[in-house]
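In case you want the letters, here they are:
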Amino acid sequence: MKHISIIVPNGKNNLSSIIGAYKILTRANTIWKEKTKKERYKIEIVGIAKKVDFHSGLFSVKPHTHILNVAKTNLIIIPSLNHNFQKAIKENRPLVEWIEEQYKNGAEVASICTGAFLLASSGLLNGKTCSTHWAFADTFKTMFPKVNLQTDRLITDENGIYTNGGAYSFLNLILYLVEKHFDRQTAIFCSKIFQIEMDRQNQSAFIIFSGQKSHSDEIIKQAQDYIENNLQDKISIEDLASKFAVGRRNFDRRFIKATGNTPIEYTQRVKIEAAKKSFETSRKNINEVMYEVGYSDVKAFREVFKKISGMSPLEYRNKYNKEALN
């Protein structure tokens, strides 16, 4: 019989992703057994402590077994972490080493949300694509520059390593793993039982872009402020570079180094975030919002909006503004 390990890291981390993964996977195992008369996986919660408390001791998890008792596993699930990532990595070094060893011996590994920080600390994600919660993308990029972070992706799947986006989107990852490790019909059944949408591909619609200013380049910060305070203008990057007395190539290079985006990408993100907020809070039509954020071409506005948010302007407005439907 194959083995699935849902790990419980030490520290005040996330309980829901442990429970959710365990419930869905054990249900999938039960469905499989009813269908085939055979149990497909032994599913265990494993850790390095006998008990881990959550929410000031209100809840606790007692792992089935210690990681040292698991000689070989086929799939490891890493739950999401609390936001003190450095501390979580330091407290769970034995877990990280065990994950590395198991992966080298053929195990697959899946990280949920910010569990990607623990996985990335192993080095297993270097040179690979990865997703995590969009709110911690800048922190992740700073800590793990060798990882190809794809914040808009809901699920990544590369060389037996899976990652997913933020918070309760982990339910989609678990369904994805059910399909991979059981079959499509079992995943569909779990989708219906737990009422989780199948086949979600991105988390773009949930991203709130708040700028990337955790850097020390004052000229670029001033340029960012200028972009944010002149949304209605059609901003020329050449003119913007000249305004701050920086050559265009040097300006682009410094902007990318500071923010992770080109000046054009940053301008688009700022404008589209403003458009999203306008759609959420007003009854303005598409054209009114488009002009408000400095676009005059409807086709171009729609294309950029969909590229960044994953939805058309009309779809976004109808989804997040009930009044707009009346």
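Before any of the text, the structure's been laid out above.
Counting from 1, residues in each chain are numbered in the order their sequence is written. Side-chain atom pairs in this predicted model are given and counted only at pLDDT of 80 or more, local residue features only at pLDDT of at least 70, and totals for whole chains, interfaces and linings cover all residues. For side-chain calculations, the full set of non-hydrogen atoms in the structure is used, while hydrogens and water are omitted.

Colleague: Even after reading the chapter, I still don't get the nonpolar core, so can you show me in this structure?
Modeller: Within soluble globular proteins, side chains that are nonpolar tend to cluster in buried spots. The term nonpolar core refers to a set of buried residues drawn from Ala, Val, Leu, Ile, Met, Phe, Trp, Tyr and Cys, joined through side-chain atoms within 4.5 Å. The buried label applies to any residue whose accessible area, calculated with a 1.4 Å probe on protein chains only, is under 20% of its type's maximum; exposed applies above 50%, and partly exposed to all values in between. Counting 35 residues, the largest nonpolar core has I4, I6, L25, I77, I174, L177 and V178 as its most contacted members. Secondary structure counts use DSSP, requiring at least four H or I residues in a row for a helix and at least two E residues in a row for a strand, with both numbered from the N terminus. With seven residues, helix α1 (residues 16–36) is the largest single contributor of residues to this core. Apart from the residues within four sequence positions on either side, V178 is in contact with I24, L25, A28, D183, T186 and A187. Counting residues in each nonpolar core, the second largest holds 33 residues, with I99, Y103, L119 and F136 among its members. By definition in these notes, contact holds between two residues if any of their heavy atoms fall within 4.5 Å.

Colleague: Please explain the packing of helix α8 (residues 218–229) against helix α11 (residues 263–281) as it appears in this structure.
Modeller: The description of two packed helices rests on the angle between their axes and on the distance between the axes. Put simply, α8 and α11 touch, their axes get as near as 9 Å, and they point 40° apart. Taken together, the axes of α8 and α11 are oblique relative to one another. When you trace α8 past α11, the crossing you get is right-handed. Across from Q224, I227 and E228 in α8, the residues of α11 making contact are Y266, T267 and V270. Residues that form the contact of α8 with α11 fall into these classes: three nonpolar, two polar and one charged. For helices, the axis comes from a line fit to the C-alpha atoms of the stretch in contact; other axes are also lines fit to C-alpha atoms, and the angle between any two N-to-C directions lies between 0 and 180 degrees. If an angle is under 35 degrees, it is roughly parallel; if it is over 145, roughly antiparallel; if it lies from 65 to 115, roughly perpendicular; otherwise it is oblique. Two helices that cross are described as forming a left-handed crossing if the nearer one is turned anticlockwise from the farther one by less than a right angle, and a right-handed crossing if clockwise. As a working rule, the residues Ala, Val, Leu, Ile, Met, Phe, Trp, Tyr, Cys and Pro are called nonpolar, Asp, Glu, Lys and Arg charged, and the rest polar, with Gly in that last group.

Colleague: Teacher, can you tell me more about the packing of aromatic side chains here?
Modeller: The geometry of an aromatic ring pair is captured by two quantities: the separation of the ring centres and the angle between the planes. Between the rings of Phe, Tyr and Trp (Trp by its six-membered ring), a pair exists once the centres lie within 6.5 Å; its type follows the angle of the planes, with under 30 degrees stacked, over 60 edge-to-face, and the other angles tilted. What the rule picks out here adds up to 17 aromatic pairs. Their ring planes at 85° and their centres at 5.1 Å tell us that F117 and F140 sit as a pair that is edge-to-face. Of this pair, F117 sits in helix α4 (residues 115–120) while F140 sits in helix α5 (residues 137–143), and the two are 23 residues apart along the sequence. Of the residues examined, F140 reaches a relative accessible area of 0% and is grouped as buried. Taking 6.1 Å as the distance between ring centres and 65° as the angle between the ring planes, the aromatic pair formed by F117 and F144 counts as edge-to-face. With F117 in helix α4 and F144 in the loop between α5 and β9 (148–149), this pair connects stretches of sequence that are 27 residues apart. A relative accessible area of 0% means that F117 is categorised as buried.

Colleague: Even after reading the chapter, I still don't get the pattern of salt bridges, so can you show me in this structure?
Modeller: Think of it this way: side chains of opposite charge can pair up when their charged atoms draw near. One speaks of a salt bridge when a side-chain nitrogen belonging to Lys or Arg is within 4 Å of a carboxyl oxygen belonging to Asp or Glu. This model, assessed by the stated rule, comprises 17 salt bridges. As a salt-bridge pair, R248 and E238 come within 3.6 Å of each other at their nearest N and O atoms. With a gap of ten residues between them, R248 in helix α10 (residues 248–259) and E238 in helix α9 (residues 237–243) connect regions that are remote in the sequence. Judged by relative accessible area, R248 falls into the partly exposed class, the value being 27%. By relative accessible area, which is 44% here, E238 ends up partly exposed. With a closest N to O distance of 2.8 Å, K299 and E303 form a salt bridge. Placement of both K299 and E303 in helix α13 (residues 298–309) is noted, with a separation of four residues, approximately one turn of the helix. When its relative accessible area of 57% is taken as the criterion, K299 is described as exposed.

Colleague: Is there a simple way to explain the environment of D53 in this structure?
Modeller: Assignment of secondary structure puts D53 in strand β3 (residues 52–54). For D53, a relative accessible area of 37% gives the class partly exposed.

Colleague: Honestly, the sheet that holds strand β5 (residues 65–66) in this entry has me stumped. Any pointers?
Modeller: What links the strands of a sheet is backbone hydrogen bonding, and the strands pair in either a parallel or an antiparallel sense. Strand order across the open sheet formed by seven strands is β5-β2-β1-β6-β7-β11-β10, with mixed pairing between neighbours. The sheet terminates laterally at β5 and β10 (155–158), the two strands that pair on one side only. Its contacts with the sheet put helix α6 (residues 170–181) on β2 (41–47), β6 (75–78), β7 (108–111), β10 and β11 (161–164), and the angle it makes with β11 is roughly 155°. Paired strands, as defined in this entry, are two strands with at least two bridges between them according to DSSP.

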